[in-house]
Structure formats: structure tokens, C-alpha cells
Amino acid sequence: MVPGANLRMQHLSAFSLFSALAPEADKRFSGQCSISDFAENELVLDFDDDTHDVFLIATGQVRVILRIATGREVILGEMGEGAFFGELAAIDGTRRSANITAMVRTRLIRVPQAVFVEILRESPDVALELMRTMSARIRGLNTRLAEHSFLAAKYRLYSELIRLSRPRKGHDGQRTISPPPVQQDLAERIGCRREVVSREIARLEREQIIERTRGAIVLARMDELNRRLTEGWERGG
């Protein structure tokens, strides 16, 4: 990690979380933050760290990994430019609950815990935006918890593929994942062995439900993929 000087070039209000800050407050709080650069695959935060600062992603991307009671690690997802993390430890003062690693060269703005809490006390609109974001994250985690509780691995895979995908330009009804995810990463996302993912991906390809193109996986038959996922929910896994 290469720590930076005080934040000068980018104000907190440039991030959606703090967009409601008044100019004077923005200038005052931004001056108390700092910039840190991280190399590809460099650890940003680890499980049980006792730090409590909040981080904003100025450039780059990070991966969030949760370690569950059995010791297994589950990929919760990735965060990119404009996102933030570390708010839970800043709010409740407990140790870090997840591992954060830079996926590419990443620049982070570090907001000290005391500054973050002061902002929330002074700006109800910022606090409301924080609650909206946390609510969306909780809803997403609840969905994944339900999937792990009720769906077999192949149905969890269908759901994860859909979640990772984006509409494919010029192809109505199709979605694409680019770059294509590594099968081991998919396995860690849905809590199963890589062999299970490999076998099911191969079957979906044979049945032409998904296709591989240069640099992407195409969900070519979304209707069928959704039908199978619905079937999984109806069967309870």
C-alpha cells in the first residue's frame, strides 16, 4: 500500500453517498481524509482487523469475501468505482467481518471513523442515503441466504449467472457476462465444489442455453434458464 497525502483533488461530495454535503462541510470533511493506492491482489482489509475507517473507491475494483463458521470462504461480490465499504465497523466499532482485496490497481479514499460518524450526525440526508444502500445490500444478502437454504447447487449457479449478467446489446432476450467468471470463483460464490460448476456449465453449453464467445459467456436462452430456476424454487431445491 502506498499512502497518499490529504485529499485535495476529489471531494467527498463526488461520491453518491456524500452528494448531499453542503460545500463548506464537504471541504471541511474532505480535508480530514486521505488517499491510499493498492496494487492488484493486494489485501486492503482482513478478517478481524480492528480498524474502523470507511473506504470509498475512487478508481479500481475490490472483492469482498466472507469467512463462515466452518472456515469456508464465500465470495460476496465485487465493488467498483463510486462504491464504499467498511461502514459496519465504523458504526458499531466491532472488528472487520470480511476480507477486502484489490482486484486491479485501486485508489481508495479513507474516511476516519470519527469523521464518518460526525458526517452522519450533521447530515440527515447522508445518513438516509447510507440506510438506503445498506437496505439494498441486506435485501441482496437475504436473497442469497434463501438460495443457500432452499436451492441445490445447480439452481444457485443459474441464479448467480443471471445476477452477474448484463443485457446483451443488439440481442433482445439475451444477457452476457464479460469477462467470463473463473469456475473456481463461481463455486466460491455459491458454496460448492468447482467440479459441480464445471459439470453444470458443460451441460448448459451442450443444451445451447449458454454460449461462449471471445471474452464472454452469453446467456442465450434466458427463458429456459429462468424456467429452470423457477422450477428449482417450486421444488425447494
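Analysis parameters
Residues numbered from 1 in each chain as written. Predicted model: local features only at pLDDT ≥ 70, side-chain atom pairs only at ≥ 80, totals over all residues. Heavy atoms only, no water. UniProt positions renumbered as here; feature names shortened; annotations may be inferred. Helix = DSSP H or I, 4+ residues; strand = E, 2+ residues; numbered from the N terminus. Pairing = 2+ DSSP bridges. 1 Å grid on protein atoms, 1.4 Å probe; cavity = no way out; pocket = protein on both sides within 12 Å on 5 of 7 lines; lining within 4 Å. Points joined across faces, edges and corners; volume = space filled by probe spheres on them. Nonpolar A, V, L, I, M, F, W, Y, C, P; charged D, E, K, R; others polar. Axes fitted to C-alpha atoms, helices over the stretch in contact; angles between N-to-C directions. Buried < 20%, exposed > 50% of the residue type's maximum accessible area, 1.4 Å probe, protein only. Contact = heavy atoms within 4.5 Å. Lys, Arg positive; Asp, Glu negative; His and termini not counted. Salt bridge = Lys/Arg side-chain N within 4 Å of Asp/Glu carboxyl O.

Draft legend 1. Spatial organisation of the UniProt feature "domain: HTH crp-type" (unreviewed entry) in the protein. UniProt records the feature "domain: HTH crp-type" (unreviewed entry) for residues 151–223 in the present numbering. Across residues 151–223 one finds 48% helix and 18% strand; the C-alpha atoms that close the span lie 19 Å apart.

Draft legend 2. Up close: the sheet that holds strand S10 (residues 166–167). Here we have 4 strands laid out as an open sheet, ordered S10-S11-S13-S12, and antiparallel in their pairing. In this open sheet, the two strands that pair with only one neighbour each are S10 and strand S12 (210–213). Alignment of strand S11 (residues 175–177) against strand S13 (residues 216–219), held across 3 bridges, turns out to be antiparallel. Residue pairing in the sheet places Arg175 in a bridge with Leu219 of S13.

Draft legend 3. Summary view of the layout of surface pockets. Approximately 1400 Å³ is the volume found for the largest pocket. Looking at the lining of the largest pocket, the elements that each hand over two or more residues are strand S5 (61–67), strand S6 (73–80), helix H2 (87–92), strand S8 (98–102), helix H4 (124–150), helix H5 (153–164), S11 and helix H6 (183–190). Per element, the largest residue contribution to the lining of the largest pocket is 7 residues, and it comes from H4. The residue inventory of the lining of the largest pocket, partitioned by class, reads 20 nonpolar, 8 polar and 12 charged. If you add up the space inside the second largest pocket, you get close to 190 Å³. Sorting the residues of the lining of the second largest pocket by element identifies S6 and H4 as the ones contributing at least two each. It is H4 that provides the largest number of residues to the lining of the second largest pocket, a total of 4 residues. Taken together, the residues that form the lining of the second largest pocket break down as 5 nonpolar, 1 polar and 1 charged.

Draft legend 4. Structural view of the sheet that holds S8. Spatial ordering of the open sheet is given by S3-S8-S5-S6, a layout of 4 strands whose pairing is antiparallel. Of all the strands in the sheet, just strand S3 (43–45) and S6 have a single pairing partner and so form its edges. Along the sheet, successive strands turn relative to each other by an average axial angle of 30°, direction set aside. With 5 bridges joining them, S5 and S8 adopt antiparallel strand pairing.

Draft legend 5. Geometry of H6. Those residues of H6 that sit buried are Asp185, Leu186, Ala187, Arg189 and Ile190. The inward-facing, buried residues of H6 abut S5, S6, H4, H5 and helix H7 (194–206). Gly191 occupies a position one or two residues after H6 and carries a positive phi of about 70°.

Draft legend 6. Here's a closer look at the side chain of Arg144. Among the secondary structure elements, Arg144 is positioned in helix H4. For the buried residue Arg144, which engages in no salt bridge, the nearest side chain bearing the opposite charge is Glu160, 4.1 Å off. Those residues in contact with Arg144 that lie beyond four places of it in its chain are Val74, Ile75, Leu76, Gly77, Glu160, Arg163 and Arg189.

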